[in-house]
Amino acid sequence: RFINVINMSNLFYDCNSLQNLNIENLKVENVIDMSNMFYGCSSLTSLNLNHFVTSKVIHMSGMFDSCSKLKSLSLNFDTSNVEDMYLMFTDCISLKSLSISSFNTNKVNDMFGMFKNSGIESIDVGGFDTKKVTDMGDMFGNCTSLKQINLNNFNTENLIYINGIFEGCILLESLNLSTFNTKKI
């Protein structure tokens, strides 16, 4: 058992032949670092993490990076203490939908490449609290399947890096950036 473990970064890093993973009994309530936890698990097609207690987690960067065959991802994360989400879903090219509108992002400062090269077709991040975020570069870069995105409440007053945020989003039908404040860029 992993009862007192606080760092699970790279736990399954590059387990590229792993097709099934039963972690239903994995205790994560004391974990503060989940960065790159499933990085490179390129044979996983589904993952249910609804049972994860993530209220203490600070680092989620690269958590699902390069999970290229992942089609189904169930999350019910408490992200109220997370500070970095950069590259979190990067290269999840088979992931067409993702329900993360309930993510609490009020402490997050880095969202660089968060969805870069993913297969997401529609996403609602309008409820994200982004007032502390300084980097959104490549956040949706090369999301070539992305058609719809809700950014309605994005607070970008502290944003410094925004380069490539929508680069390569060739199917994006409309975009409302009326709330974007780019004074520091």
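You'll find the structure just up there.
Undergrad: Looking at this model, I keep getting lost on the overall build of the protein. Mind explaining?
TA: Helix and strand content of the protein: zero helices and four strands. Along the protein, helices and strands appear, N-terminal first, in the series β-β-β-β. Over its C-alpha trace the protein gives a radius of gyration of 16 Å, about what one expects of a compact globule, namely 16 Å for 185 residues. Going through the 185 residues of the protein one by one, you find that 43% of them count as buried. Taking contacts inside the protein between residues at least 6 apart in sequence as the whole, the part at least 24 apart equals 76%.

Undergrad: Before we go on, may I ask you to explain the pattern of salt bridges in this structure?
TA: Opposite charge on two side chains allows them to pair when their charged atoms are near. Counted according to the given criterion, the structure contains two salt bridges. Close ionic contact of aspartate 138 with lysine 116 constitutes a salt bridge, the shortest N to O distance being 3.6 Å. Of this pair, aspartate 138 sits in the loop between β3 (122-124) and β4 (148-150) while lysine 116 sits in the loop between β2 (72-74) and β3; the two residues are 22 residues apart in sequence, bridging distant segments of the chain. For aspartate 138, a relative accessible area of 13% puts it in the buried group. In this structure, aspartate 129 engages lysine 131 in a salt bridge whose closest nitrogen and oxygen atoms are separated by 2.7 Å. For lysine 131, a relative accessible area of 35% corresponds to the partly exposed category.

Undergrad: It is not clear to me how the side chain of aspartate 33 should be interpreted in this structure. Could you clarify?
TA: Along the chain, aspartate 33 turns up in the segment before β1 (46-48). It turns out aspartate 33 is buried and unbridged, and the closest side chain with the opposite charge, lysine 56, is 15 Å from it. A polar side-chain atom of aspartate 33 sits 2.6 Å from a polar atom in the side chain of serine 35. Those residues in contact with aspartate 33, other than ones at most four positions away along the chain, are Ile6, Asn7, Met8, Ser9 and His59.

Undergrad: What should I look at first to understand unusual backbone geometry in this one?
TA: Working note: non-glycine residues mostly have negative phi, and peptide bonds are mostly trans. Despite not being glycine, leucine 87 shows a phi value in the positive range, around 60°. One non-glycine residue with positive phi stands out, namely aspartate 91, at about 65°.

Undergrad: Looking at this structure, I do not really get the packing of aromatic side chains. What am I missing?
TA: Where two aromatic rings form a pair, the distance of their centres and the angle of their planes describe that pair. In the structure shown here, the tally under the stated rule is eleven aromatic pairs. Taken together, a centroid distance of 5.6 Å and an interplanar angle of 10° make the contact between phenylalanine 64 and phenylalanine 89 stacked. One end of the pair, phenylalanine 64, is in the loop between β1 and β2; the other, phenylalanine 89, is in the loop between β2 and β3, and 25 residues separate them in sequence. The exposure classification of phenylalanine 64 matches that of phenylalanine 89, with both residues buried. For the pair phenylalanine 140 and phenylalanine 166, a centre-to-centre distance of 5.8 Å together with 5° between the ring planes defines the contact as stacked.

Undergrad: I keep staring at the state of the cysteines and nothing clicks. Help me out?
TA: Disulfides are covalent bonds that connect the sulfur atoms of two cysteines. For the coordinates displayed, the defined rule picks out zero disulfides. Here cysteine 92 is not cross-linked by a disulfide; its sulfur's nearest cysteine counterpart is in cysteine 67, at 5.2 Å. When its relative accessible area of 0% is taken as the criterion, cysteine 92 is described as buried. In this structure cysteine 143 is not part of a disulfide, and its nearest cysteine sulfur, from cysteine 169, lies 5.2 Å away. Take cysteine 143: its relative accessible area is 1%, and that puts it in the buried class.

Reading the values: rules and limits
Residues numbered from 1 in each chain as written. Predicted model: local features only at pLDDT ≥ 70, side-chain atom pairs only at ≥ 80, totals over all residues. Heavy atoms only, no water. Helix = DSSP H or I, 4+ residues; strand = E, 2+ residues; numbered from the N terminus. Rg over C-alpha atoms; globule rule 2.2 N^0.38 Å. Buried < 20%, exposed > 50% of the residue type's maximum accessible area, 1.4 Å probe, protein only. Contact = heavy atoms within 4.5 Å. Salt bridge = Lys/Arg side-chain N within 4 Å of Asp/Glu carboxyl O. Lys, Arg positive; Asp, Glu negative; His and termini not counted. Polar contact = N/O pair within 3.5 Å; in protein donor to acceptor, adjacent residues only side chain to side chain. Phe/Tyr/Trp six-rings, centres within 6.5 Å; stacked < 30°, edge-to-face > 60°. Disulfide = S-S within 2.5 Å.

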